[in-house]
Amino acid sequence: MRMSRYIFVGILLGFTLYKTEAVSWFRIFEMFHFQSFHMYGIIGTAVVAGILIVQFIRRYHLKSVEGKEIVIPPKNKTYPRYIIGGFIFGLGWALAGICPAPMFILLGSGYTVLILFLASAMAGTYFYGVIRKRLPH
Amino acid sequence: MVPDWLVQLRDFISQPWPWWVGGLMIALIMFLLLWFGKNFGMSENFRVMCAADGADEMNEFFKINWRDQEWNLLVALGAVFGGYMASHYFAAPDGTVAHVSAATVESLRSLGLQFEGDRVPLVPEWYSWTALFNWRGLLMVIGGGFLVGFGARYAGGCTSGHAISGLSALEAPSLVSVIGFFLGGMTMTYFIFPLIFK
């Protein structure tokens, strides 16, 4: 089963964010108050290790399991969408205390009410798709 | 009988994980997905789910071949399993508690959120069906979800897509997005929470 590897990666992600308490509303509250190094430590370590990994991949032209060149698609270099969209995302992140990955993890840990968060996030995504052409990007 | 070493392994995994283990694991997850020829980005799933539910026939933004994105739905499904396993079989003795700083407990008290000593729950009480009868619970689950879904697609990514994948690739747009995340998050935390909780 080639697809089972993605389930494995997801399980790894679930354990990581649950066991480091990154799924906690209170940890996100603490982060936005700059009252602990914990969340910055998690994100900082991930980014430093991630930069090294990406540099390694680019320098040695590492191939994927399927033998293809690993490409990291570049982002469009326009800025309004990133600052405005990011701001709106940040409002929701702090309010709900969850971003997309923790939502799936908490759903699995038994907080079934988050199915409504998922439905609402899909509605938000759909709303973006509808009004996208009228928004500055 | 379960062998001793397996019990010890279970107990080892069950401890709260330090931040650096979390960071290294997230980097490993990003690497695995790149190595599999994919990219780490969880909020893309919302778009894929919209497309799979029929939005692809209603709006061209959702005209994507969602079957090519099935792998990402499987990562999300794995995260659901992982959350179930970590909370049910690998819970620490006090796994229901978030170990926040004393200053955070003070800040929570000033908003009127009271806790026994400093035992702040890992998962707040408003993640429940009954909390939906309260406007705060409704706002947090439904309002929060809408803002997260809308904002993530507008910005073209969430914490995984921008803060982890984007910053790792030294993308300036991702840095701008992360600054946006924090401006939004701080606006909510400092200016809107006092209105919600008081």
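Residues numbered from 1 in each chain as written. Chains lettered and ligands numbered in written order. Predicted model: local features only at pLDDT ≥ 70, side-chain atom pairs only at ≥ 80, totals over all residues. Heavy atoms only, no water.

A. Local environment of the confidence of the model for chain B. All names here are of chain B. In the predicted model, chain B carries a mean pLDDT of 92, and 100% of its residues have values of at least 70. Element-level pLDDT for chain B is lowest in strand S1 (residues 97-98), with a mean of 90, against a maximum mean of 96 in helix H2 (residues 19-35). Here the complex is predicted with pTM 0.94, and the ipTM for its interfaces comes to 0.95. (pLDDT = per-residue confidence, 0-100. Helix = DSSP H or I, 4+ residues; strand = E, 2+ residues; numbered from the N terminus.)

B. Expanded view of the packing of aromatic side chains. Evaluation of the coordinates by the stated rule reveals 36 aromatic pairs over all chains. Considering the side-chain rings of A:Trp93 and B:Phe181, the 6.2 Å spacing of their centres and the 85° angle between planes classify their relative orientation as edge-to-face. Residue A:Trp93 is found in helix H4 (residues 80-96), and its partner B:Phe181 is found in helix H8 (residues 172-197); the two belong to separate chains. On the basis of relative accessible area, A:Trp93 is assigned to the buried category, the value being 2%. Directly above the ring of B:Phe36 sits A:Arg5, whose terminal nitrogen or CZ lies 4.9 Å from the centroid. Sitting over the ring of B:Phe61, B:Arg47 keeps its end group 4.1 Å from the ring centre. (Phe/Tyr/Trp six-rings, centres within 6.5 Å; stacked < 30°, edge-to-face > 60°. Buried < 20%, exposed > 50% of the residue type's maximum accessible area, 1.4 Å probe, protein only. Lys NZ or Arg CZ within 6 Å of the ring centre and 35° of its normal.)

C. Broad picture of the packing of helix H6 (residues 114-131) of chain A against helix H3 (residues 44-52) of chain B. Direction vectors running N to C along H6(A) and H3(B) enclose 85°, while the axes themselves pass 9 Å from each other. Classed by the angle they form, the pair H6(A) and H3(B) counts as roughly perpendicular. Within the contact between the two elements, H6(A) uses A:Leu118, A:Ala121, A:Met122, A:Thr125 and A:Tyr126 and H3(B) uses B:Phe46, B:Arg47, B:Met49 and B:Cys50. Partitioning the contact of H6(A) with H3(B) into residue classes produces seven nonpolar, one polar and one charged. (Axes fitted to C-alpha atoms, helices over the stretch in contact; angles between N-to-C directions. Parallel < 35°, antiparallel > 145°, perpendicular 65-115°, else oblique. Contact = heavy atoms within 4.5 Å. Nonpolar A, V, L, I, M, F, W, Y, C, P; charged D, E, K, R; others polar.)

D. Molecular detail of the interface of chain A and chain B. With 111 residues of chain A in contact, the opposing surface of chain B contributes 134 residues. Counting the surface lost from both chain A and chain B, the interface buries some 10,800 Å², and carbon and sulfur atoms represent 78% of this. Among the residues chain A hides against chain B, the three largest losses belong to A:Lys19, A:Phe26 and A:Leu95. Together they make up 8% of the total. Across the chain A-chain B interface, the total number found is three salt bridges. Of the charged contacts in the structure, one is a salt bridge between A:Lys133 and B:Glu60, with a shortest N-O distance of 2.7 Å. Along the contact surface separating chain A from chain B lie 31 residue pairs in polar contact (both at pLDDT 80 or more). Looking at the side of chain A that touches chain B, the elements that each hand over two or more residues are helix H1 (4-19), helix H2 (25-32), helix H3 (38-59), H4, helix H5 (100-108) and H6 of chain A. It is H6(A) that contributes the most residues to the side of chain A that touches chain B, 17 residues altogether. Residues that form the side of chain A that touches chain B fall into these classes: 71 nonpolar, 27 polar and 13 charged. (Buried area = accessible area lost by both parts, 1.4 Å probe. Salt bridge = Lys/Arg side-chain N within 4 Å of Asp/Glu carboxyl O. Polar contact = N/O pair within 3.5 Å; in protein donor to acceptor, adjacent residues only side chain to side chain.)

E. Structural detail: H4(A). The end-to-end C-alpha distance of H4(A), which contains 17 residues, comes to 24 Å, matching closely the 24 Å that a straight helix rising 1.5 Å per residue would cover. A:Gly97 sits one or two positions beyond H4(A) and adopts a positive phi of about 70°. (Expected span 1.5 Å × (residues − 1).)

F. Expanded view of the pattern of salt bridges. Tallying each qualifying case throughout the model produces 11 salt bridges over all chains. B:Arg67 serves as the salt-bridge partner of B:Glu70, at 3.9 Å between the closest nitrogen and oxygen. Through salt bridges with shared partners, a single ionic network connects A:Glu21, A:Arg27 and A:Glu30.

G. Spatial organisation of the side chain of A:Glu30. Here A:Glu30 lies in helix H2. Looking at A:Glu30, its side chain comes within polar contact range of the side chain of A:Arg27, at 2.8 Å. A:Glu30 has contacts with A:Gln35, A:Ser36, B:Val100, B:Ser101 and B:Thr104, leaving out every residue within four places of it along the chain.

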